[in-house]
Amino acid sequence: MTCAEAERLVPAYLNNEIPQEKLEEFILHVKSCPSCYDELETYFTIYLAIQYLDDDKYSSYNMKKLLEEDLHRKEAGIRKRRRLHYCFGGTVLLSEMILLGIFFWVSAPEMLEDIWNWITMMPGV
Ligand SMILES: [Zn+2]
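Residues numbered from 1 in each chain as written. Predicted model: local features only at pLDDT ≥ 70, side-chain atom pairs only at ≥ 80, totals over all residues.

### A word on the overall build of the protein
Looking only at helices and strands, the protein features five helices and zero strands. What you see in the protein, going N to C, is helices and strands ordered as α-α-α-α-α. Relative to its 125 residues, the protein shows a buried fraction of 7%. Nonlocal contacts in the protein, meaning residues at least 24 apart in sequence, comprise 44% of its contacts between residues at least 6 apart. (Helix = DSSP H or I, 4+ residues; strand = E, 2+ residues; numbered from the N terminus. Buried ≥ 20, exposed ≤ 12 C-beta atoms within 10 Å, placed from the backbone. Contact = placed C-beta atoms within 7 Å.)

The following block contains the structure:
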């Protein structure tokens, strides 16, 4: 991601409107690019100041800490979604293997035996 692209995404980040597929890229860029980090921090401070005027739920003025927390929370969200995705993929694969096993077991038990022998004869098994 380029600096220009990251800067363009700052308002979307602050409003939680950044597309999921861009969020990780954005966070990675901001964390490794001091210039974009400063830019984000500035906007974040202004954004929180406006929020603070609207209601006083932000009792802390430690903007750097609040930004760190916000980045961290959004990163954790990405990881959680990814875990769910892998978990789902793994479940589907496992059910397919079980179904395939049942299919062979029912239709051709001797073939299953051949496959089993083939697997156990593989080096390293
Ligand atoms: Zn940058």
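### Digging into helix H5 (residues 109-120)
Taking 1.5 Å of rise per residue, the twelve residues of H5 would be expected to cover 16 Å, and the 17 Å separating its terminal C-alpha atoms lies within 8% of that figure. Burial runs low along H5: only zero of the twelve residues are buried. (Expected span 1.5 Å × (residues − 1).)

### Things to note about the confidence of the model for the protein
Mean pLDDT over the protein stands at 82; residues scoring 70 or higher make up 90%. Confidence scores differ between elements of the protein, with H5 showing the lowest mean pLDDT of 77 and helix H1 (residues 3-14) the highest of 94. (pLDDT = per-residue confidence, 0-100.)

### What to know about H1
Count 3.6 residues to each turn of an α-helix, and residues three or four apart come out pointing the same way. With twelve residues, H1 should cover 16 Å at 1.5 Å per step; its first-to-last C-alpha distance of 17 Å lies within 8% of that length. Those residues of H1 that sit buried are Ala6, Leu9 and Tyr13. Here the buried residues of H1 occupy an arc of 70° about the axis, which is enough to place them on one side. Turned more than 90 degrees away from the buried face of H1 sit Ala4, Arg8 and Pro11, all of them exposed. Immediately downstream of H1, the backbone of Asn16 shows phi near 60°, a positive value. (Arc of directions from axis to C-beta.)

### Digging into the packing of H1 against helix H2 (residues 20-32)
Their axes nearest at 11 Å, the elements H1 and H2 cross at an angle of 115°. Of the two possible hands of crossing, H1 and H2 adopt the one that is left-handed. From H1, Ala6, Leu9 and Tyr13 reach across to H2, where they touch Lys22, Phe26, His29 and Val30. Counted by class, the contact of H1 with H2 contains five nonpolar, one polar and one charged residues. (Axes fitted to C-alpha atoms, helices over the stretch in contact; angles between N-to-C directions. Left-handed = near helix turned anticlockwise from the far one by under 90°. Nonpolar A, V, L, I, M, F, W, Y, C, P; charged D, E, K, R; others polar.)

### Brief notes about unusual backbone geometry
In the Ramachandran plot, Asn16 falls in the positive-phi region, its phi being about 60° despite a non-glycine side chain. With respect to the helices, strands and loops of the structure, Asn16 is situated in the loop between H1 and H2.

### Section: the nonpolar core
Formed by Ala6, Leu9, Tyr13, Phe26, Ile27, Val30, Cys36, Leu40 and Phe44, the largest nonpolar core amounts to nine residues. If sequence neighbours within four positions are ignored, Cys36 has contacts with Cys3, Ala6, Glu7, His29 and Val30. (Core = buried A, V, L, I, M, F, W, Y, C linked by C-beta atoms within 7 Å.)

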